[in-house]
Amino acid sequence: MCISLNATSLGERVVLRLLDKSARLYELGELGMCAADRGRVEGLLERTYGIILVTGPTGSGKSTTLYAALQYLDSTAKNILTLEDPIEYQLPGVSQTQVSPKKGMAFATGLRAVLRQDPDIIMVGEIRDEDTARMAVQSSLTGHLVFSTLHTNDAAGAVSRLLDLGIEPYLVASSLLACVAQRLVRIVCPHCRSIRAITSEDVQKLQLDVRTRGVPASFAEGCDNCAMTGYFGRKGIFELLVVDDDIRELIVRRSKASAIKARATRAGMTTLRQDGIRKLLNGETTIDELTRVTYADEASEVK
């Protein structure tokens, strides 16, 4: 349980974050990633060095994705260490360390310590400052595979964030393997959903391909099974940016995140909204839900 206290004009405000330790761990195939992106991620997990970043706001499922990635790896053959705040789930065969800044154990300090343990793979719960970012980059360049998270709106934004933290462009270009941006969308309740055709207004609202006009889609209604919300459960939508030679060149030139995203999209990257639209057309979620959790982009048309 995490507690946050803040003094307001009307008294103390308290926020509790409850971690359900009884919740099960998910595998990569259960997160909602499309088959093509999942295959690319699995290929990246076989690399022996570099950084893989998972980005998104608080509550977007970043930790769940990192745990799924660690479960995919063979902890009996590889030395895997983590630095977490807090440790949300216990992973068999993985050495997990709780970060505690009050005790002098920050992410950067912990990373220096675990490097002496000769790890093959390191998971850093979050990159929050330049020291942690620099240590993560140096670790990846000295033969370690590093996983971590950042708070950015999309995958390309992770590059800008590392540069803003003071990491030199050539180091980012040399160390970064991929960025995965994600959000969680609610799944429409199967007991009460209604089906109707996508209208011209829906096409304009979500920047859909005009060919989707008239295609059946699910809409939330509400019943006792879903507590009248119209939704039951959640699933991830993903944006996977794999760093290739063209992206590295843009990074070295300090190009804007929009330029990096445009280049990746032309190379076939599926944006968050595109992935969400696929789930919409598969009947898994709704137009209102996608509008709530994703931003419009220039390449939102499903191809």
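A brief report on the enclosed structure follows.

Definitions and cut-offs
Residues numbered from 1 in each chain as written. Predicted model: local features only at pLDDT ≥ 70, side-chain atom pairs only at ≥ 80, totals over all residues. Heavy atoms only, no water. Helix = DSSP H or I, 4+ residues; strand = E, 2+ residues; numbered from the N terminus. Rg over C-alpha atoms; globule rule 2.2 N^0.38 Å. Buried < 20%, exposed > 50% of the residue type's maximum accessible area, 1.4 Å probe, protein only. Contact = heavy atoms within 4.5 Å. Areas by Shrake-Rupley, 256 points an atom, 1.4 Å probe, with all protein chains shown as cover. Lys, Arg positive; Asp, Glu negative; His and termini not counted. Charge placed at Lys NZ, Arg CZ, Asp CG, Glu CD. Pairing = 2+ DSSP bridges. Axes fitted to C-alpha atoms, helices over the stretch in contact; angles between N-to-C directions. Parallel < 35°, antiparallel > 145°, perpendicular 65-115°, else oblique. Left-handed = near helix turned anticlockwise from the far one by under 90°. Salt bridge = Lys/Arg side-chain N within 4 Å of Asp/Glu carboxyl O. Core = buried A, V, L, I, M, F, W, Y, C linked by side-chain atoms within 4.5 Å. Polar contact = N/O pair within 3.5 Å; in protein donor to acceptor, adjacent residues only side chain to side chain.

**Here's the deal with the overall build of the protein chain**
Here's step 1: Scanning the protein chain from N- to C-terminus turns up 11 helices and 11 strands.
Here's step 2: For a compact globule of 303 residues, the expected C-alpha radius of gyration is about 19 Å, and the protein chain comes in at 20 Å, within 12% of that figure.
Here's step 3: Taken across its 303 residues, the protein chain has 49% of its residues classed as buried.
Here's step 4: Here the analysis covers contacts within the protein chain between residues at least 6 apart in sequence; of these, 68% occur between residues at least 24 apart.
Here's step 5: Summed over all atoms, the accessible surface of the protein chain reaches about 15100 Å², with 49% contributed by carbon and sulfur.
Here's step 6: Across the protein chain, the centroid of the 37 positively charged side chains sits 2 Å from that of the 37 negatively charged ones.

**A few points about the sheet that holds strand S6 (residues 121-124)**
Here's step 1: The strand order S5-S4-S6-S7-S3-S8-S11 describes an open sheet built from 7 strands, whose pairing is mixed. Each edge of the open sheet is held by one strand with a lone partner, namely strand S5 (95-98) and strand S11 (231-242). The average angle at which neighbouring strand axes cross in this sheet is 20°, direction not considered.
Here's step 2: Examined bridge by bridge, strand S8 (residues 176-188) and S11 share 10 bridges and lie antiparallel to one another. When the sheet's bridge partners are listed, Val 185 is paired in S11 with Lys 235.
Here's step 3: The strands touched by helix H2 (residues 62-72) are strand S3 (50-55), strand S4 (80-84), S5, S6, strand S7 (145-150), S8 and S11; relative to S7, the strand with the most contacts, the crossing angle is about 165°.
Here's step 4: Running over the sheet, helix H10 (residues 272-281) touches S8 and S11 and is turned about 140° from S11.

**Topic: the packing of helix H3 (residues 107-114) against helix H4 (residues 130-141)**
Here's step 1: Between H3 and H4, whose axes approach to 8 Å, the crossing angle comes to 25°. Considering the angle they form, H3 stands roughly parallel to H4. In the crossing of H3 with H4, the sense of the turn from one axis to the other is left-handed. Counting all contacts with H3, which are made through Phe 107, Ala 108, Leu 111 and Arg 112, the residues of H4 involved are Asp 131, Thr 132, Met 135, Ala 136 and Ser 139.

**A short note on unusual backbone geometry**
Here's step 1: Cis geometry marks the peptide bond from Asp 85 to Pro 86, where omega comes out at 0°.
Here's step 2: Within the secondary structure, Pro 86 is located in the loop between S4 and S5.
Here's step 3: Its identity as a non-glycine residue notwithstanding, Gln 207 has a phi of 55°, on the positive side.
Here's step 4: Judged by its relative accessible area of 36%, Gln 207 is partly exposed.

**Looking at the pattern of salt bridges**
Should the charged atoms of two oppositely charged side chains come close, the side chains can pair.
Here's step 1: Applying the stated criterion across every chain, the model contains 17 salt bridges.
Here's step 2: With a shortest N-O distance of 3.1 Å, Glu 126 and Arg 128 are connected by a salt bridge.
Here's step 3: A relative accessible area of 18% places Glu 126 in the buried class.
Here's step 4: A residue is classified by how much of its surface remains accessible, and Arg 128, at 38% relative accessible area, is partly exposed.
Here's step 5: Ionic pairing is found between Arg 196 and Asp 202, a salt bridge with its closest N-O pair at 3.3 Å.
Here's step 6: A relative accessible area of 38% places Arg 196 in the partly exposed class.

**Section: the nonpolar core**
Here's step 1: Leu 53 and Leu 241 are the most contacted members of the largest nonpolar core, which totals 53 residues.
Here's step 2: Counting residues per element, this core draws most heavily on helix H5 (residues 155-164), which supplies 6 residues.
Here's step 3: Excluding residues within four positions of it along the chain, Leu 53 makes contact with Ile 127, Ser 148, Leu 150, Ala 158, Leu 162, Leu 176, Ala 178, Cys 179 and Val 180.
Here's step 4: The next biggest cluster of nonpolar side chains, apart from the first, holds 28 residues, and it includes Leu 28, Leu 31, Tyr 67 and Leu 73.

**Quick look at helix H9 (residues 257-266)**
Here's step 1: Regarding H9, the residues found buried are Ile 260, Lys 261, Arg 263, Ala 264 and Thr 265.
Here's step 2: Taken together, the buried residues of H9 touch H5, S11 and helix H8 (245-252).

**Topic: H5**
Here's step 1: Within H5, 7 of the 10 residues are buried, which leaves it mostly tucked inside the rest of the structure.
Here's step 2: Those residues of H5 lying buried are Ala 155, Ala 156, Gly 157, Ala 158, Val 159, Leu 162 and Leu 163.
Here's step 3: With a side-chain oxygen positioned 2.8 Å from the backbone nitrogen of Gly 157, the residue opening H5 is Asp 154.
Here's step 4: Gly 166 lies just past H5 and shows a positive phi near 105°.

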